[in-house]
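Each chain, written out:
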Amino acid sequence: MAAPLAIGPLDDTAQDGVRALAAAAQAADGVAPVSEQPLLRLGADEPWLTHAVAHSKHGTVIGYVQVDRGGQDASAELVVHPEHRRQGVGRLLLRTAERDARLPQYSGTPGQRGKALRVWAHGDTAAAQGFAAAAGYVVVRELLFLARPLTADDAGARPALPDGYRVRTFVPGDDDEAWVALNARAFASHPEQGRLTAADLRDRQGEPWFDAAGFFLLEAPDGSLAGSLWTKVEPGQPAGGRDGEVYAVGIDPDHQSRGLGQALTAVGLAHLATVADRAVLYVDGDNTAAVRTYERAGFERAAVDVQYAQA
Ligand SMILES: CC(C)(COP(=O)(O)OP(=O)(O)OC[C@H]1O[C@@H](n2cnc3c(N)ncnc32)[C@H](O)[C@@H]1OP(=O)(O)O)[C@@H](O)C(=O)NCCC(=O)NCCS
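Residues take numbers from 1 onward in each chain, read along the sequence in its written order. Given that the model is predicted, a residue must reach a pLDDT of at least 70 before its local features are reported, and side-chain atom pairs must reach 80 or more before they are shown or counted; all residues, however, enter totals for whole chains, interfaces and linings. Side-chain descriptors were evaluated using all non-hydrogen atoms of the structure, hydrogens and water having been removed beforehand.

1. Let's talk about the pattern of salt bridges
- Think of a salt bridge as a Lys or Arg side-chain nitrogen and an Asp or Glu carboxyl oxygen that are within 4 Å of each other. Under the definition given, this model contains 18 salt bridges.
- As a salt-bridge pair, Arg 166 and Glu 219 come within 3.0 Å of each other at their nearest N and O atoms. Taken together, the residues Arg 166 in strand S7 (residues 166–169) and Glu 219 in strand S8 (residues 215–219) connect sequence positions 53 residues apart.
- Any residue under 20% of the maximum accessible area for its type is buried, any over 50% is exposed, and the rest in between are partly exposed; the area is computed with a 1.4 Å probe on protein chains only. Looking at Arg 166, the relative accessible area reads 44%, which means it is partly exposed.
- Overall, the relative accessible area of 12% leaves Glu 219 in the buried class.
- For Asp 243, the salt bridge identified is with Arg 278, shortest N-O distance 2.8 Å. Placement of the pair is Asp 243 in strand S10 (residues 243–251) and Arg 278 in strand S11 (residues 278–284), with a sequence separation of 35 residues.
- On the basis of relative accessible area, Arg 278 is assigned to the partly exposed category, the value being 31%. A run of H or I in DSSP counts as a helix once it spans at least four residues, and a run of E counts as a strand once it spans at least two, with each numbered from the N terminus.

Given below as C-alpha cells:
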C-alpha cells in the first residue's frame, strides 16, 4: 500500500495530526518518538527544513518525518502510527528523507553537495533496530539518558567556587545575546546545542516550563560569562514522580578544567531538589569528561537514544 505523501510546510490541522501521531506512538512504545526541537519546529517553514506527512486513505496522519539540513549532517526524526506499521510507510518516509538530504541547503546556491543522513531512534526500540537493519543503517551516535534521585542533602548543598567566580540567575532579554555566544563557544563541536540561536532561546522562554530561577549563569572574575547551567521542569508532573532536567551545562573553553562544571552541576542539583524528585539529563556517550562528571555526581544510565546512518 502506498500512502499518500504530502511534502511541505504544515498547516495547523497537519501539525495537530502530527502531535496526535507522536502521542499515539509514545503511548504504544513507552518513549516519545520525536524530540523537543522538531516538535517546536512543526510550524516552521525554512529552506533547510522538510516536513513529509503520510496519510491513510481516510486522510488521517499515519506517518511523519522531519529532515533538518541545517547542520553538518542532515538529521531526521521519523514515526509511523502503531496501527499502520509493517506496511512500508516507514520505508517510504526514510527514502523521502534520504532524497531530501541530498538537496543543497539553499536551492540555487551553486557548489553545494548533499549531506549524509542521520536518523534518530529514541529509546532504540526493537522496531527501530529491525527497521534500521533492514535499511542498511548502523549506530553512529549514542545519547545517554542519565538519572539520579534528589534528596534533602542536595537542596542544602552550597558548592564552593574558585576565587572571584560567582553564580547568578539569567535575566531574560538582558542576557540573551551573551548566553547565545557563550553556548556557541562551549558547544562548538556539538551538532545541535552549538547551533542554538537567539530565536531558539526565545522559543524556549515562551514554553510553559521556562523558569529563569532555574537558569544559572557563572560569571568570571572580570564579569564575563564563563558558564551556564539551565534546568527544565515540565509543569503538571505527579507529586513524588517529578523529573527535573539538567537541560544544558556549558563551560567556556577558556575556563574549563577548573572544577567549574562540577560546582555548577551541584548548584543545579540544589535548585532541582527543591522542585523535583529525580534529576535527569542527556549526554553524548562519547563525551567522556561530561559522563564522568555526572557519574561522580551520582547519575546512572536510565535509557539511550541512538542515531543511525547508512553503513
Ligand atoms: C521504526 C518505525 C519507523 C518503522 O515503521 P514501519 O512503517 O513499521 O516500517 P516498514 O513497514 O517500512 O518496515 C520496513 C522494514 O523494516 C523492518 N522492520 C520494521 N519494523 C520492524 C520490527 N518491529 N521488527 C523487526 N523488523 C522491523 C522490516 O524488515 C520491514 O520490512 P518487512 O515489513 O517487509 O519485514 C516505526 O516502528 C516507528 O514509528 N517507531 C517509533 C519511532 C522510531 O523508532 N523511529 C526511528 C526509526 S530509526
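This is not the end of the story, as more comes after the structure.
2. Considerations on the site of the ligand
- Residue proximity to a molecule or strand is established when one non-hydrogen atom of the residue lies within 4 Å of it. Neighbouring the ligand are 20 residues, the closest being Val 80, Arg 86, Gly 88, Gly 90 and Arg 91.
- Between N or O atoms, a polar contact is any pair within 3.5 Å; within protein, one atom must be a potential hydrogen donor and the other a potential acceptor, and residues adjacent in sequence are included only when both atoms are from side chains. Arg 86 is positioned with one of its backbone polar atoms (N or O) 2.8 Å from an oxygen atom of the ligand.
- Between Gly 90 and the ligand, the recorded distance is 2.7 Å, taken from a backbone N or O atom to an oxygen atom.
- When the free accessible area of the ligand is taken as 910 Å², the share hidden by the protein chains comes to 80%.
- Elements supplying a minimum of two residues to the shell around the ligand: strand S4 (74–80), helix H3 (89–101), strand S5 (117–122) and helix H4 (126–134).
- At five residues, the largest contribution of residues to the shell around the ligand is made by H4.
- Under this grouping Gly is polar, as are all residues other than the nonpolar Ala, Val, Leu, Ile, Met, Phe, Trp, Tyr, Cys and Pro and the charged Asp, Glu, Lys and Arg. Residues belonging to the shell around the ligand are distributed by class as follows: 12 nonpolar, four polar and four charged. We get accessible surface area from the Shrake-Rupley algorithm with a probe of 1.4 Å; when it comes to residues, only the shown protein chains can shield them.

3. Here's the deal with the domain arrangement of the chain
- Entries for the chain in the domain assignment read domain 1 (5–135) and domain 2 (145–304).
- Throughout the structure description, domain borders are defined by an automatic or database domain assignment. When each unit is reduced to the centre of its C-alpha atoms, the spacing between domain 1 and domain 2 is 29 Å.
- With 11 residues of domain 1 in contact, the opposing surface of domain 2 contributes 10 residues.
- Once two parts are put together, the accessible area they lose, assessed with a 1.4 Å probe and summed over both, is termed the buried area. The largest share of the area that domain 1 buries against domain 2 comes from Glu 36, Gln 37 and Leu 40, three residues that together contribute 57% of it.
- In this structure, the connection of domain 1 to domain 2 is made through three salt bridges.
- Inspection of the domain 1/domain 2 interface yields four residue pairs in polar contact (both at pLDDT 80 or more).
- Residue assignment for the side of domain 1 that touches domain 2 shows that the elements contributing at least two residues are helix H2 (36–40) and S5.
- Of the residues that constitute the side of domain 1 that touches domain 2, the class distribution is two nonpolar, five polar and four charged. Throughout, a contact is declared for two residues whenever any of their heavy atoms are within 4.5 Å.

4. Quick look at the packing of helix H8 (residues 260–272) against helix H9 (residues 288–296)
- Axes here refer to lines fitted to C-alpha atoms; in helices the fit is confined to the stretch in contact. Angles between the N-to-C directions go from 0 to 180 degrees. Their axes nearest at 10 Å, the elements H8 and H9 cross at an angle of 45°. On the basis of their axis angle, the class for H8 and H9 is oblique. The two elements H8 and H9 meet at a crossing, and its hand is right-handed. Here H8 contributes Gly 261, Gln 262 and Thr 265 to the contact with H9, which in turn contributes Thr 293, Tyr 294 and Arg 296.
- In terms of residue class, the contact of H8 with H9 is made up of one nonpolar, four polar and one charged. Here the angle decides the label: under 35 degrees means roughly parallel, over 145 means roughly antiparallel, 65 to 115 means roughly perpendicular, and every other value means oblique. Take the far helix as your reference; a near helix turned counterclockwise from it by less than a right angle gives a left-handed crossing, and one turned clockwise gives a right-handed crossing.

5. Some words on the UniProt feature "domain: N-acetyltransferase" (unreviewed entry) in the chain
- UniProt positions are given in the numbering used here, feature names are shortened, and annotations may be inferred rather than shown by experiment. In this structure's numbering, the residues bearing the UniProt feature "domain: N-acetyltransferase" (unreviewed entry) are residues 5–151 and 165–311.
- Its end C-alpha atoms 47 Å apart, residues 165–311 is made of 28% helix and 30% strand.

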